[in-house]
Amino acid sequence: MSRIHVTTTVNGDAVDYLCEADDTLLDVLRDQLDLTGSKEGCASGDCGACTVELDGRLVCSCLVLGAEAEGRTVETIEGMANGDVLHPLQKNFIEKAALQCGVCTPGILVAAKNLLDHTPDPSEEEVRYWLAGNLCRCTGYDKIIRAVLDTAAEMRGAA
Amino acid sequence: MKFETPHSVDDAVAILRADPEARVLAGGTDLLVRLRAGHISPSAVVDIKRIPGMRDISQEDGGWRIGAGVSCAEMGEHAGLKAAYPGVVEGAELIGSTQVQGRCTMAGNLCNAGPAGDSVPAMVAAQATARVAGPNGTRDVAVFDIPTAPGQTSLAEGEFITSIFLPAPPAHSSDAYLRFIPRTEMDIAVVGCAVNLTLDAAGTVTSASMSLGAVGPKVKQVDASALVGTICDDAAVEALAAAATAAATPIDDKRGTIAFRKDVSGVLAKRAARIAYIRAKGASS
Amino acid sequence: MAKDEFEKREFKVVGTRVARPDGLDKVTGRARYGADMSAPGMLVGYCLRSPHAHARIKSIDTSEAEAMAGVKAVITRADFTNVPASDGTRDILDNVMANDKALYDGHTVAAVAATSRSAAKAALKAIKVDYEVLPHVTDVDAAMLPGAPELHQGRQQESVPEGFSQNVLARSQYGHGDVDAGFAQADVIIERSFKTAATHQGYIEPHACLATMGNDNQGDLFCCTQGHYMVRNTCADILGMESGRLRVTASEIGGGFGGKTTVFLEPVALMLSKKSGKPVKMTMSRDEVMRASGPTASTSIDIKIGTTRDGVITAATGEFRYQSGCFYAMNGALGAMCGFAPYDLENLKSVGWEVTTNRPKAAAYRAPGAPMAAFAVESVVDEVAKEIGMDPIDFRLKNAADEGTKSAYGPTYPAIGLRATLEAAKAHPHWSAPLGKNQGRGVGCGFWFNFGGDTCVSLMLNPDGTVSLSEGNPDIGGSRASMSMMAAEELGVPYENVRTIVADTASLGQNEVTDGSRVTFAVGLATIKAARHAIEIMKARAAATWGIDAEAVEWVDGAAQPAGPNAGKFPPLTVKEIAATMSNTGGPIAGHFEANAEGAGVSFGTHICDTEVDPETGAVKILRYTVFQDAGKAVHPDYVEGQLQGGAVQGIGWALNEEYIYGEDGTLQNAGYLDYRIPVASDLPMIEPVILEIPNPGHPYGVRGVGETGIVPPLATIANAVSRAAGVRMTSLPMSPPKVLAAIKAN
């Protein structure tokens with residue numbers, strides 16, 4: 001079976017890879033590009049642990065084929081910090097104890113960043129509904145929601 | 001499995017016609033789940049999103065044409081579409097999570113032919129049509145006639161949906177969609193209900209349609225004439241609720257019981273009718 | 001170990017909210033979980049699982065699969081030729097690879113290692129299993145009846161009376177006094193029967209491991225687990241190898257909640273690696289996690305409580321029937337021990353039953369056995385209070401266990417915090433806030449034992465004065481931070497100077513699994529003791545430097561100093577200074593501590609919840625939720641709060657929507673997050689945690705474990721709230737909308 005050659009942009013870098021037609025973008029990120037920050041929690045779009053941005057829009061990378069990424073841009077958790085400078089969400093997730101086991105954290109951070117990129121002043125309810133597709137089993141979400149709201153306020157203050 | 005990216009409708013039809021085992025990929029939020037779970041093993045996946053027009057929302061004859069590759073999130077971001085068909089858009093926007101919204105499409109939801117598809121009842125209540133491309137050219141089919149049974153559609157070999165068309169909404173009309181789920185998000189509808197109303201200038205309902213999801217093998221059209229000639233008063237919505245409960249023919253399964261689904265069909269009918277009425281009235285002022 | 005370890009002190013580091021050391025890795029995607037590791041030349045392994053709930057395996061033909069391209073090993077039970085030494089491990093082997101029968105839908109019957117996923121999946125399809133399908137049973141009450149389909153023969157313990165099927169494995173009884181005499185004194189007696197569905201721990205990270213095993217019987221295993229020593233010991237017993245020849249390294253763990261306190265894939269991956277001669281990585285799909293790992297018991301419970309008009313419980317009885325899947329697990333007994341633990345009862349009879357059914361072998365889930373028992377007991381307590389017109393908190397206060405109370409499970413309590421949690425709940429504004437239409441407020445209490453167990457810690461002083469701490473328990477909720485904090489506190493050095501790592505099984509002595517809410521207590525205690533050991537060495541080095549007796553040196557604020565004017569006049573020697581010269585004063589400095597830690601203090605919590613019930617649909621909304629729990633001493637309050645919030649929300653899921661649903665054919669109908677409905681962010685309000693600190697006398701800082709108790713009260717608390725909001729007593733979990741609506745309509 002011949003594999004598909006895909007040229008795309010991941011976290012700002014031009015990359016290319018060969019994938020099977022049935023490889024998901026998540027398979028490619030994890031197994032070929034060694035970007036294991038995106039996690040497979042369900043492979044059905046129900047947990048959000050594999051959340052990435054595809055052309056700026058949030059998707060579950062388990063529900064995108066690797067071949068579909070041709071010519072597009074992908075942003076993963078590994079591209080969120082600017083060098084050694086953490087995104088304010090990353091910093092606040094550490095400082096405000098918004099993670100326990102941390103396995104859902106990459107997906108939640110990518111999703112929360114996307115929200116704040118276009119909704120700088122979300123309500124608690126907006127944050128909760130926006131993140132409803134990101135399951136967390138440890139925290140009860142409380143500290144996650146607070147960290148997102150606090151970060152939004154902080155970023156508005158800094159802007 | 002092969003991955004195909006046709007750049008025209010004709011190319012897509014040619015691929016699908018040549019390979020009956022091929023599957024159309026729009027948003028992929030159902031297809032990829034079934035693929036990974038091993039429930040299907042198609043010979044090819046045909047990504048239609050690179051065909052011109054598939055990702056467009058455009059106005060046509062006062063109505064709206066929505067390409068088969070338009071994500072539900074894009075629908076929710078379209079002010080004109082949302083104003084004309086708030087119920088259709090809210091149904092579409094209820095599918096899955098934020099992440100799923102970025103990919104899932106109404107055409108895909110329709111072709112998946114799940115009895116509980118959230119975008120389908122409001123399309124049916126709006127008398128929407130699907131444009132179907134195939135070996136014999138294109139044809140327009142009522143959305144209601146696309147699904148035939150769970151997982152089954154009326155599409156013939158080599159055919160696929162290229163767009164959904166929502167007709168020009170009459171003056172003083174609007175719609176609403178409600179579903180019942182056990183959680184607040186992420187569930188499949190246990191019952192879904194869409195109501196589409198047109199009023200006269202005085203606020204009396206002149207025409208009404210209602211459709212129900214998840215209470216039969218496919219979406220159900222239910223007689224909503226109980227509302228016609230009324231101002232959507234309590235007696236009228238109670239009559240509508242009774243019609244909904246009577247029309248529902250659900251099954252017992254992991255998501256709900258027959259009795260529950262019949263009861264909730266009525267409850268949602270009432271609630272959706274009231275919302276649609278307020279919207280239609282608001283639209284008329 | 002001494003029972004009265006507690007010493008009052010002013011804390012500098014403990015009780016602060018420092019950043020956790022693994023935080024950066026976890027917010028940048030660098031942290032390596034079970035599925036994130038690869039090895040050169042690695043194969044991927046997959047399991048073939050039974051589609052039947054109960055079936056005799058007549059034959060398995062793997063010849064076609066073995067001949068396929070890319071397939072490097074195919075194994076079945078026949079490859080496991082060693083008979084494990086322990087009964088428990090034999091059950092585990094039977095669970096991870098079916099013996100003569102498949103005992104549940106999803107039971108592994110064969111496994112394949114191949115060069116790619118597609119090759120492995122194709123090979124699975126080529127394996128031919130000839131099944132003789134047998135009658136099955138999944139419901140606990142049905143399984144107990146004579147004539148029920150039976151899973152095993154000859155496993156019933158003598159404690160089980162006549163008249164039950166062989167599925168009933170054990171009966172255990174707790175309590176004291178004379179319940180008949182007690183009920184005779186009661187003015188009001190309420191008796192109710194309850195059922196609860198099985199739930200899954202629901203950790204987001206599926207089980208995963210990477211095994212490397214050679215024909216020299218030497219191996220390495222990287223896996224997500226709550227206890228890598230347990231993995232080592234169990235796998236070695238299954239494979240028939242010396243445990244010292246298997247090194248297990250724990251990955252970061254993406255949640256466990258008790259579900260990762262046993263093995264599933266690990267022995268299979270090791271056997272595939274051994275047979276193929278290559279590293280083998282295995283990861284479960286979510287479907288496999290649901291069908292073949294976890295879950296907790298489903299239950300059927302009868303509770304009877306009698307009380308006087310003025311609110312004194314005169315007698316109580318409970319029958320706790322728990323099915324724990326296809327093998328023995330002690331769950332009913334734990335329910336029988338925990339259910340009545342919050343109360344000071346004159347007369348009690350509490351009986352636990354262990355039952356097997358055609359479901360996956362139950363694994364621990366956060367206070368295993370206790371939440372369902374508390375649901376039943378606390379529901380009746382609520383109803384009794386209502387019946388005699390007493391405030392439900394006052395009724396509980398009147399009957400609350402205290403220091404000196406003989407507990408429901410036997411021992412007499414030392415200082416405990418139950419009354420403090422009840423009083424805090426009563427005084428909290430939540431308890432007196434107004435309620436609207438269709439709204440109800442519930443309260444419930446919960447208990448968990450907590451645990452100590454085998455613990456081993458090493459603390460190494462580095463030449464620059466920083467400290468390396470090795471512990472042997474996977475960090476499931478911030479324990480590396482809390483160990484660094486306790487070491488820093490004891491040594492008197494900054495928190496940032498202590499880095500804690502989780503050592504592999506070859507680098508540190510045996511450690512009990514991360515379970516029983518034991519880590520902050522037991523590993524914390526060992527850390528403090530290891531620090532004290534290092535301090536003794538540092539004091540001796542300072543004494544030698546000064547030429548005085550070691551007894552004449554004291555440790556103050558991170559430095560050795562003469563213990564008074566008679567000891568001599570020397571400037572203090574700091575950790576950094578002692579470290580800098582340690583090469584010349586006797587060599588490296590390290591403290592260590594090993595013990596089977598005793599003195600874990602029991603834990604109590606009280607929860608309050610407000611719900612609103614939609615009378616037309618039965619939908620329940622959680623409006624407000626407050627948790628009161630005794631932490632003994634909160635080492636890192638953020639992560640204590642996180643445990644209380646997380647436990648409460650898991651309980652909310654259990655109460656409202658989570659359930660294992662089996663079809664008529666005994667197959668699981670909802671093996672995924674779509675229909676196994678754990679709470680999502682939009683379902684919930686903020687969860688207010690209130691930490692109380694009633695010191696545990698068995699720990700130097702007074703620490704009690706906090707991880708498990710938080711899931712015990714919610715089931716009852718929410719049931720009491722829903723019952724009051726809906727005007728009808730809910731006795732079956734989950735309280736899903738169809739059940740609530742049916743109850744409202746039947747009323």
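Since we're looking at a predicted model, the values are computed, not measured. Per chain, residues are indexed from 1 in the order of the written sequence. All chains are assigned letters beginning with A, and all ligands numbers beginning with 1, in the order in which they are written. Where totals are concerned, whole chains, interfaces and linings use all residues; where local detail is concerned, this predicted model gives features only for residues with pLDDT of at least 70, and gives and counts side-chain atom pairs only at 80 or more. Here the side-chain values reflect all heavy atoms present in the structure, with hydrogen atoms and water set aside.

## Some details on the domain arrangement of chain C
Residue and element names in this part refer to chain C. The domain limits used here are those given by an automatic or database domain assignment. Annotation of chain C at the domain level lists domain 1 (23-31 + 452-597) and domain 2 (140-412). When each unit is reduced to the centre of its C-alpha atoms, the spacing between domain 1 and domain 2 is 36 Å. Contact criterion: two residues are considered in contact whenever any of their non-hydrogen atoms come within 4.5 Å of each other. Of the residues lining the interface, 20 residues belong to domain 1; the matching set on domain 2 comes to 19 residues. What gets called buried area is simply the loss in accessible area from a 1.4 Å probe that two parts show on being joined, summed for both. Between domain 1 and domain 2, the buried area comes to about 1,400 Å², and carbon and sulfur atoms account for 58% of it. Counting the surface domain 1 buries against domain 2, the share from its top three residues, Pro-474, Thr-505 and Val-513, is 40%. A side-chain nitrogen of Lys or Arg and a carboxyl oxygen of Asp or Glu constitute a salt bridge if their distance falls within 4 Å. Viewed at the interface, domain 2 and domain 1 are joined by 3 salt bridges. In this structure, Lys-26 engages Glu-252 in a salt bridge whose closest nitrogen and oxygen atoms are separated by 3.0 Å. What qualifies as a polar contact is a pair of N or O atoms within 3.5 Å, subject to a donor-acceptor requirement within protein and to the restriction that residues adjacent in sequence count only when both atoms come from side chains. Along the contact surface separating domain 1 from domain 2 lie 10 residue pairs in polar contact (both at pLDDT 80 or more).

## Points about the interface of chain A and chain C
With 45 residues of chain A in contact, the opposing surface of chain C contributes 50 residues. The junction of chain A with chain C conceals about 3,900 Å² of combined surface from both sides, 57% of it contributed by carbon and sulfur atoms. Considering only the side of chain A, the residues that lose the most area to chain C are Ile-94, Gln-100 and Arg-137 of chain A, jointly responsible for 22% of the buried surface there. Our count for the contact surface shared by chain A and chain C stands at 7 salt bridges. Seen at the junction of chain A and chain C, the total is 27 residue pairs in polar contact (both at pLDDT 80 or more). Helical segments are the DSSP runs of H or I of at least four residues, strand segments are the runs of E of at least two, and each set is numbered from the N terminus. Elements that contribute at least two residues to the side of chain A that touches chain C include exactly helix 1 (25-32), helix 2 (88-95), helix 3 (105-118), helix 4 (124-130) and helix 5 (142-158) of chain A. When residues are grouped by polarity, Ala, Val, Leu, Ile, Met, Phe, Trp, Tyr, Cys and Pro land in nonpolar, Asp, Glu, Lys and Arg in charged, and all others, Gly among them, in polar. A breakdown of the residues in the side of chain A that touches chain C according to their chemical character gives 21 nonpolar, 9 polar and 15 charged.

## Description of the interface of chain B and chain A
By a widespread convention, an interface's size corresponds to the accessible area lost as its parts come together. Every contact between the two is made by 29 residues of chain B and, on the other side, 32 residues of chain A. When the two sides are added together, the surface that chain B and chain A hide from each other amounts to roughly 2,300 Å², 59% of it contributed by carbon and sulfur. In terms of surface lost to chain A, no three residues of chain B exceed Arg-36, Thr-98 and Gln-99 of chain B, which account for 28% of the buried area on that side. On inspection of chain B and its partner chain A, the count reaches 4 salt bridges. At the surface where chain B touches chain A, the tally comes to 11 residue pairs in polar contact (both at pLDDT 80 or more). Every element with two or more residues in the side of chain B that touches chain A is listed here: strand 1 (2-4), helix 2 (31-36), strand 3 (44-47), helix 3 (72-76) and helix 6 (98-101) of chain B.

## Brief notes about the domain arrangement of chain A
All names here are of chain A. Taken as a whole, chain A is organised into domain 1 (4-79) and domain 2 (88-158). Listed by partner, the interface residues are 14 residues for domain 1 and 14 residues for domain 2. Taking both sides of the interface into account, the surface hidden between domain 1 and domain 2 amounts to around 1,000 Å²; carbon and sulfur atoms contribute 60%. Here domain 1 and domain 2 share 0 salt bridges between them. At the boundary of domain 1 with domain 2, the tally comes to 6 residue pairs in polar contact (both at pLDDT 80 or more). Secondary-structure elements contributing two or more residues to the side of domain 1 that touches domain 2 are strand 3 (51-54) and strand 4 (57-60). In terms of residue count, the dominant contributor to the side of domain 1 that touches domain 2 is strand 3 (3 residues). The class makeup of the residues in the side of domain 1 that touches domain 2 is 5 nonpolar, 5 polar and 4 charged.

## What about the nonpolar core?
To define a nonpolar core, start from buried Ala, Val, Leu, Ile, Met, Phe, Trp, Tyr and Cys residues and group those joined through side-chain atoms within 4.5 Å. For every residue, the accessible area (1.4 Å probe, protein chains only) is compared with the maximum for its type, and the residue is labelled buried under 20%, exposed over 50%, or partly exposed between those bounds. Phe-93 of chain A together with Leu-221, Ile-303, Phe-340, Ile-718 and Met-735 of chain C are the most contacted members of the largest nonpolar core, which totals 186 residues. A per-element tally of this core places helix 11 (residues 370-387) of chain C first, with 11 residues. Counting residues in hydrophobic clusters, the runner-up holds 83 residues, among them Leu-26 of chain A together with Val-13, Val-45 and Leu-81 of chain B.

## A look at the environment of Ala-142 of chain B
All names here are of chain B. In this structure, Ala-142 sits in strand 7 (residues 137-142). A relative accessible area of 32% means that Ala-142 is categorised as partly exposed. The spatial distance from the C-alpha of Ala-142 to the C-alpha of Val-132 is 10 Å, given a sequence separation of 10 residues. When neighbours within four sequence positions are excluded, Ala-142 is seen to be in contact with Ala-128 and Thr-129.

## Here we look at the sheet that holds strand 4 of chain A
Through backbone hydrogen bonds, the strands of a sheet pair up, either in parallel or in antiparallel fashion. Residues and elements named next belong to chain A. As summarised here, the arrangement of the 5 strands in space is 2-1-5-3-4, forming an open sheet in which the pairing is mixed. Strand pairing shows two members of the sheet lacking a second neighbour, strand 2 (13-19) and strand 4, which therefore form its edges. When the angles between neighbouring strand axes are averaged without regard to direction, this sheet yields 40°. Pairing between two strands is assigned when DSSP locates at least 2 bridges connecting them. Where strand 1 (residues 4-10) lies against strand 5 (residues 73-75), 2 bridges are found, and the strand directions are parallel. Bridging from a neighbouring strand, Val-10 pairs with Val-74 of strand 5. As a rule, the C-alpha atoms of each element are fitted with a line to give its axis, helices using only the stretch in contact, and angles between N-to-C directions run from 0 to 180 degrees. Along the sheet, helix 1 makes contact with strand 1, strand 2, strand 3 and strand 5, crossing strand 2 at roughly 105°.

## Section: helix 12 (residues 392-399) of chain C
For an α-helix, 3.6 residues make a turn, and residues three or four places apart therefore share a direction. All names here are of chain C. A large share of helix 12 lies buried, amounting to 6 of its 8 residues. Taken together, the buried positions of helix 12 are Pro-392, Ile-393, Phe-395, Arg-396, Leu-397 and Asn-399. The distance from a side-chain oxygen at the start of helix 12 to the backbone nitrogen of Ile-393 is 2.8 Å, and the residue carrying that oxygen is Asp-391.

## A closer look at the packing of aromatic side chains
Residues and elements named next belong to chain C. Stacked, tilted and edge-to-face are the three classes applied to pairs of Phe, Tyr and Trp rings, where Trp contributes its six-membered ring and a pair requires centres within 6.5 Å; stacked means planes under 30 degrees apart, edge-to-face means over 60, and tilted covers the rest. The final tally for this structure, using the stated rule, is 17 aromatic pairs over all chains. Each ring, one from Phe-11 and one from Tyr-701, has its centre 5.0 Å from the other, and the planes form 75°; the classification is edge-to-face. Highlighted residues: Phe-11 in the segment before helix 1 (23-28) and Tyr-701 in the loop between strand 26 (687-692) and helix 20 (714-726), separated in sequence by 690 residues. Of the residues examined, Phe-11 reaches a relative accessible area of 23% and is grouped as partly exposed. Between Trp-546 and Phe-570, the aromatic rings sit 5.2 Å apart at their centres with planes inclined by 5°, giving stacked as the arrangement.

## Here we look at the pattern of salt bridges
Applying the stated criterion to the full structure yields 82 salt bridges over all chains. Arg-274 of chain B is the partner of Asp-234 of chain B in a salt bridge, and the nearest nitrogen-oxygen pair spans 2.8 Å. Here Asp-234 of chain B, found in helix 9 (residues 234-247), pairs with Arg-274 of chain B, found in helix 10 (residues 258-284); they are 40 residues apart in sequence, far enough to count as distant. Its relative accessible area of 54% is what places Asp-234 of chain B among the exposed residues. Beyond isolated ion pairs, a larger network of salt bridges with shared partners links Arg-183, Asp-187, Lys-254 and Arg-255 of chain B together with Asp-675 and Arg-677 of chain C.

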